[in-house]
Amino acid sequence: MNLCLRNLLLALCLAAAIAASTRTVAAEPPLPPPHHVHLFPPVRTGLRNATPPVNLQYYGGPVIHAGTMYLIYWLPPGFFMSPAYQTLINRYFTDVGATPLFNIVTQYPDGSGPPLNASTLGGTWVDTASYPRAGTTADPLLDSDIGAEVLHAIATHPGWNPPGPNTAYFVFTARDVHSCIDASKTACFLSEYCAYHGSFVSGGVTVLYNNMPDAGTNLSGCSVGTGPNGDPEADAEISLISHEHFEVVTDPQPNVATAWSDVDGFEIADKCAYTYGALNADNSNVVLHGHPYRVQQEWSNLISACTLSLPSSVGGISEPTGLTRPSPGRLTGSPVRARGTRETDAVVAALTLVVGIAWAKRPRSDKR
Ligand SMILES: [Zn+2]
């Protein structure tokens, strides 16, 4: 607990320092840290799906209706990403909206309507600032560092959309850079996750974000098979991206305001992780706006199965009734507490880290 507390305080200090040049931090002393981590237990074998499969249920939280995505490549001198990594990832985010693949999300509405079959790449940034830690397994980046980097990117780009319910940030770190949720190292890249998405509250605003370690750090740990674009790292990462992208749209605030999840706490992509279906000759399984990709399937309630397409838009989907909450056994840590900071204090006087780890289980076999 002391480590968690120390890390949260560090995150608060970092966030405050980011904005200190333009604002005055409120004199109010920080409240005790409400660090709250929600862990989905790892499943080493088999799909992360109930047997027999069950559909996603709606738990009342918001979804992203028309998302704008911002990509942060955190690449200090001396660190590496594969040659086409950024180009292919940027291309994927440009291609994915308005496709039969992304149309799958339109069947998961909240009270304001469904997510649209649309996703905008709002901007990209290569940050060459040093990592605050070595990034080794002995001295990994922490979730607080990822959150601080998101705030750093936001502060550096006044032209970007402000954080909000339709904005999400993806932080890409370099090959061989490791991260853990906190200094206890009980939940770390490769051993417990390949990527995750979550939210935190900064200045009274919810920030949606994704931690995206480089799949090339251990290609067999986070991917199955090869992709169509001649860059194994980028191809593997794009499937992880698709996993997190679909989940941040359909369940952007896991465990804070859960939207769509199954009764076991598995989200749209968890239920189909590492299943790809039939592959084309070039190892792609989808072609999005003319470009080939190999991405995992996503869960479709309409067919109660994993799929790569929803051919036409779906309207009038009513919320299921008789919902039950996800198993309390999947919640860890203390309840999230509201912070007493003023809404006007846009500086990060409070940084509430709430993470929903999107577990990407270790690959078992290609299910095609
Ligand atoms: Zn997931």
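How each quantity is defined
Residues numbered from 1 in each chain as written. Predicted model: local features only at pLDDT ≥ 70, side-chain atom pairs only at ≥ 80, totals over all residues. Buried ≥ 20, exposed ≤ 12 C-beta atoms within 10 Å, placed from the backbone. Helix = DSSP H or I, 4+ residues; strand = E, 2+ residues; numbered from the N terminus. Pairing = 2+ DSSP bridges. Right-handed = clockwise from strand over helix to strand, strands pointing away. Expected span 1.5 Å × (residues − 1). Core = buried A, V, L, I, M, F, W, Y, C linked by C-beta atoms within 7 Å. Contact = placed C-beta atoms within 7 Å. Arc of directions from axis to C-beta. pLDDT = per-residue confidence, 0-100. Axes fitted to C-alpha atoms, helices over the stretch in contact; angles between N-to-C directions. Left-handed = near helix turned anticlockwise from the far one by under 90°.

(A) Looking closely at the pairing of strand S3 (residues 67–74). Buried residues dominate S3, accounting for 7 of its 8 residues. Bridge count between S3 and strand S4 (residues 119–127): 8 bridges; the pairing is parallel. Along S4, the bridge assignment pairs Ile72 with Trp125. Viewed along the sheet, the connection from S3 through helix H2 (residues 85–95) into S4 turns out right-handed. Where S3 meets strand S6 (residues 167–173), 7 bridges bridge the pair, whose relative direction is parallel. Residue pairing across strands places Ile72 opposite Val171, the latter belonging to S6.

(B) Focus on the pairing of S6. With 7 of 7 residues buried, S6 lies mostly within the body of the structure. Here S6 shows two buried faces, one formed by Thr167, Tyr169, Val171 and Thr173 and the other by Ala168, Phe170 and Phe172.

(C) Fine view of unusual backbone geometry. In this structure, Ala98 is a non-glycine residue whose phi angle is positive, near 55 degrees. Relative to the assigned elements, Ala98 resides in the loop between H2 and S4. Owing to 14 C-beta atoms within 10 Å, Ala98 belongs among the partly exposed residues under this scheme. Not every positive phi belongs to a glycine, and His289 is a case in point at roughly 50 degrees. The topology assignment puts His289 in the loop between strand S11 (286–288) and strand S12 (291–293). According to the C-beta neighbour criterion, His289 is exposed, with 11 such atoms within 10 Å.

(D) Highlighting helix H5 (residues 232–250). End to end, H5 covers 28 Å across 19 residues, agreeing with the expected 27 Å (1.5 Å per residue, within 8%). Among the 19 residues of H5, 18 are classified as buried, and the element is accordingly described as predominantly covered.

(E) Region of interest: the nonpolar core. Judged by nonpolar contacts, the single largest core of 79 residues is most densely connected at Leu71, Ile72, Ile89, Val150, Tyr169 and Val171. For this core, the element with the most residues is H5, which contributes 8 residues. Sequence-distant contacts of Ile72, defined by excluding residues within four places in its chain, comprise Trp125, Asp127, Glu149, Val150, Ala153, Tyr169, Phe170, Val171 and Phe172.

(F) Spotlight on H2. Residues of H2 that are buried include every one of Tyr85, Leu88, Ile89, Tyr92, Phe93 and Asp95, and no others. Along the long axis of H2, the arc covered by the buried residues comes to 165 degrees, so they all point the same way. On its buried face, H2 sits against S3, S4, H5, S11 and S12.

(G) Examining the environment of Trp125 more closely. With respect to the helices and strands, the residue Trp125 is situated in strand S4. Separated by 46 residues in sequence, Trp125 and Val171 place their C-alpha atoms 9.8 Å apart. Setting aside anything within four residues of it in sequence, one finds Trp125 in contact with Ile72, Tyr73, Ala153 and His157.

(H) Structural view of the confidence of the model for the protein chain. When pLDDT is averaged along the protein chain, the result is 78; 71% of the residues meet or exceed 70. Under a pLDDT of 50 for its full length, residues 1–5 has, in the predicted model, 7 contacts with residues more than four places off or in other chains. In the model, residues 8–46 has pLDDT below 50 throughout and makes 82 contacts with residues more than four positions away in sequence or in other chains.

(I) Representation of the packing of H2 against H5. Packing of H2 against H5 leaves a shortest axis separation of 9 Å and a crossing angle of 35 degrees. Where H2 crosses over H5, the two elements pack in a sense that is right-handed. Contacts between H2 and H5 involve Tyr85, Leu88, Ile89 and Tyr92 from the former and Glu233, Ala234, Glu237, Ile238 and Ile241 from the latter.

(J) Expanded view of the environment of Ile241. Among the structural elements, Ile241 can be located in helix H5. Assessed through the 25 C-beta atoms surrounding it within 10 Å, Ile241 is described here as buried. Measuring from C-alpha to C-alpha, the distance between Ile241 and Met212 comes to 7.6 Å, with 29 residues separating the pair along the chain. When sequence neighbours within four positions are dropped, the list of residues in contact with Ile241 reads Ile89, Tyr92 and Met212.

(K) Layout of the environment of Pro62. Within the element layout of this structure, Pro62 appears in the loop between strand S2 (57–58) and S3. The class for Pro62 is partly exposed, based on 16 C-beta atoms found within 10 Å. In the structure, Pro62 is positioned 190 residues away from Pro252 in sequence and 7.3 Å away in space, judged by C-alpha atoms. Discounting residues that sit within four places of it in the chain, Pro62 has contacts with Asp110, Pro165, Pro252, Ala257 and Ala259.

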